[in-house]
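Chain residues, written in single-letter form:
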Amino acid sequence: MSSFTVNSIDVSNLDVEQVSEGNYIGNRHLRRIPDVTDKQSVLSFARMAASAYAADETSDDWVEVDVPWNRSLGIGWDFDGVRGHVFVETTGSVVVIALKGTTTILSRDRTDTYQNDKINDNLLFSCCCGRVSYKWTTVCDCYLKNTYTCSQTCLARELRSKDKYYEASLRVFREVAKLYPTSSIWVTGHSLGASLSSLIAQTHGLPALVFAAPGEKLAASRLHLPTWLHPDSEKYIWHFGNTADPVFMGTCNGPLSACAIGGYALESQCHSGLECVYDTVTDKGFEMSLIYHRIAKLIEIIEEYDRPAECSKPLSCQDCYLWNFIRD
């Protein structure tokens, strides 16, 4: 019997193009992928994503993760940016990076990251720097003054800025890869943390099993992801969510939406990779509400179903179709 203790699939024999070590550190970490048809595996990832909101095991918000996972170290808890935890399978064969999602000013577990979280939300998930209307304060200067016109070059530059979360998340991955050079590395997260995990996965060719992500395909396209090094990386990205969650479904927008009232310009709806959607509106009679965006509620939903939601390619989708993006 194999000593490997995680339900997963061996992909070490895949015919993957080799590139120089100096250019790429991802392939050597793609040996196994999660088994997304296994309910307990999906729940373990969801609990890791939930625990990414807590500083450590002593917090009231910490969610215990089942054997064989152990927390190895925390990420960013002394700073006001990207935060989370690293979990290691007992044999050391697999490492999971779990990234925290958005903390709002109204959150019970409010931390000092909420302002930077909001800036990055409005950069990643809006059409142009969070400029919903002239009344909004933008998070970058890419709007070109003409109606619905924005600089694509400027947006890409802003996303890659060292003080923004995408680059910070890549630094996290590189540091973890140094600590665990022979392990398979997987990524997870909830909401903003889910989208950042997907972007890491597309950059370095890693598996990402994530929860309730806002549409991150818009940001991925602006970052030219997936890269030529990982043209097939999207097949290892699984987005779990439910139909009563307006953030995941891309409907928490418009001037009267709860997100807009809170100052969040969540205008994107398209996901990279595969979507694994629990139809809670039809099956459970849920009405769409931000309550169902919470990771605790999503864990309850996963537990209630007999098996994980089936994963499939998203339907044809286009973000920001009213906008004209200029390469300058």
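Thresholds, definitions, all that
Residues numbered from 1 in each chain as written. Predicted model: local features only at pLDDT ≥ 70, side-chain atom pairs only at ≥ 80, totals over all residues. Heavy atoms only, no water. Helix = DSSP H or I, 4+ residues; strand = E, 2+ residues; numbered from the N terminus. Buried < 20%, exposed > 50% of the residue type's maximum accessible area, 1.4 Å probe, protein only. Contact = heavy atoms within 4.5 Å. Areas by Shrake-Rupley, 256 points an atom, 1.4 Å probe, with all protein chains shown as cover. Axes fitted to C-alpha atoms, helices over the stretch in contact; angles between N-to-C directions. Left-handed = near helix turned anticlockwise from the far one by under 90°. Nonpolar A, V, L, I, M, F, W, Y, C, P; charged D, E, K, R; others polar. Disulfide = S-S within 2.5 Å. Phe/Tyr/Trp six-rings, centres within 6.5 Å; stacked < 30°, edge-to-face > 60°. Lys NZ or Arg CZ within 6 Å of the ring centre and 35° of its normal. Pairing = 2+ DSSP bridges. Core = buried A, V, L, I, M, F, W, Y, C linked by side-chain atoms within 4.5 Å.

J.: Would you take a moment to explain the overall build of the protein for this structure?
T.: Within the protein, the secondary structure is distributed over 9 helices and 12 strands. Looking at the protein as a whole, 55% of its 328 residues are labelled buried. Pairs at least 24 residues apart make up 67% of the contacts formed inside the protein by residues separated by at least 6 positions. When the accessible surface of the protein is totalled, it reaches about 15,300 Å², and 50% of it is carbon and sulfur.

J.: Explain the packing of helix α4 (residues 165-179) against helix α5 (residues 192-204) to me, please; I cannot follow it from the model alone.
T.: The relative placement of two packed helices comes down to the angle between their axes together with the axis-to-axis distance. Contact geometry of α4 with α5 gives a least axis separation of 10 Å together with a crossing angle of 65 degrees. Seen from above, α4 lies across α5 with right-handed handedness. Two secondary-structure elements touch here, α4 through Tyr165, Tyr166, Ser169, Leu170 and Phe173 and α5 through Leu192, Leu196, Leu199, Ile200, Thr203 and His204. Among the residues making up the contact of α4 with α5, the classes are represented as 8 nonpolar, 3 polar and no charged.

J.: Teacher, can you tell me more about the state of the cysteines here?
T.: Simply put, disulfide is the name for a covalent bond between the sulfur atoms of two cysteines. A complete count under the given rule lists 7 disulfides for this structure. Residue pairing for Cys127: its cysteine sulfur links by disulfide to Cys320, the two sulfurs lying 2.1 Å apart. Across the disulfide from Cys127 to Cys320, rotation about the S-S bond amounts to roughly -95 degrees, and the bridge is consequently left-handed. One end of the pair, Cys127, is in the loop between α2 (114-124) and β6 (149-151); the other, Cys320, is in the loop between β11 (311-312) and β12 (324-326), and 193 residues separate them in sequence. Of the two residues examined, Cys127 and Cys320, each falls in the buried class.

J.: Is there a simple way to explain the environment of Phe286 in this structure?
T.: Among the structural elements, Phe286 can be located in the loop between α8 (280-284) and α9 (295-304). Along the backbone, Phe286 and Asn242 are 44 residues apart, and their C-alpha atoms lie at a distance of 9.9 Å.

J.: Is there a simple way to explain the packing of aromatic side chains in this structure?
T.: The geometry of two aromatic rings is summed up by the distance between their centres and the angle between their planes. One pass over the structure, following the stated rule, counts 10 aromatic pairs. Stacked on the ring of Tyr264, the Lys or Arg Lys118 has its end atom at 5.2 Å from the ring centre. Over the aromatic face of Tyr305 sits the side chain of Lys284, whose NZ or CZ is 4.8 Å from the ring centroid.

J.: Would you explain unusual backbone geometry in this entry?
T.: Excluding glycine, residues mostly have negative phi values, and the peptide bonds linking residues are mostly trans. Of the consecutive residues Val67 and Pro68, the connecting peptide bond is found in the cis state with omega at 20 degrees. By the secondary structure assignment, Pro68 is in the loop between α1 (39-51) and β3 (69-75). A cis amide bond links Leu225 with the next residue in sequence, Pro226, at an omega value of -5 degrees. Along the chain, Pro226 turns up in the loop between α6 (217-222) and β9 (237-242). One non-glycine residue, Ser191, lies in positive phi territory at about 60 degrees. On the secondary structure map, Ser191 appears in the loop between β7 (184-189) and α5. Residue Ser191 is classed as buried on the basis of its relative accessible area, which comes to 7%. Non-glycine residue Cys320 carries a positive phi angle of around 55 degrees. Exposure remark for Cys320: the relative accessible area of 10% places this residue in the buried category.

J.: Help me understand α2 in this model?
T.: Working note: α-helix, 3.6 residues per turn, so residues spaced by three or four point in the same direction. Along α2, the residues that are buried comprise Tyr114, Asp117, Asn120, Asp121, Asn122, Leu123 and Leu124. Those residues of α2 that are buried lie in contact with α3 (152-159), α4, α5 and α6.

J.: Explanation requested: the environment of Lys39 in the structure shown.
T.: Structurally, the position occupied by Lys39 is in helix α1. For the pair Lys39 and Tyr305, spaced 266 residues apart in sequence, the C-alpha to C-alpha distance is 8.9 Å. Setting aside residues no more than four positions away along its own chain, Lys39 makes contact with Ile302, Glu303, Tyr305, Asp306 and Pro308.

J.: Can you help me understand the pairing of strand β10 (residues 274-278) in this one?
T.: Regular strands have side chains that alternate between both faces of the sheet. Most of β10 sits out of view: 4 of its 5 residues are buried. Bridge count between β9 and β10: 5 bridges; the pairing is parallel. Across the sheet, the residue bridging to Asn242 is Tyr278, located in β10. Pairing geometry for β10 and β11, over 2 bridges, is antiparallel. When the sheet's bridge partners are listed, Cys276 is paired in β11 with Cys311.

J.: So what exactly am I meant to see when it comes to the nonpolar core here?
T.: The nonpolar side chains of a soluble globular protein tend to be buried with one another. Membership of the largest hydrophobic core comes to 54 residues, with the highest contact counts inside it found for Ile97, Leu124, Cys142, Val176, Ile185 and Leu199. Of the residues forming this core, the biggest block, 8 residues, is contributed by α4. Other than its neighbours up to four places away in sequence, Val176 contacts Val86, Val95, Ile97 and Ile185. Counting residues in hydrophobic clusters, the runner-up holds 39 residues, among them Ala54, Phe87, Tyr278 and Tyr305.

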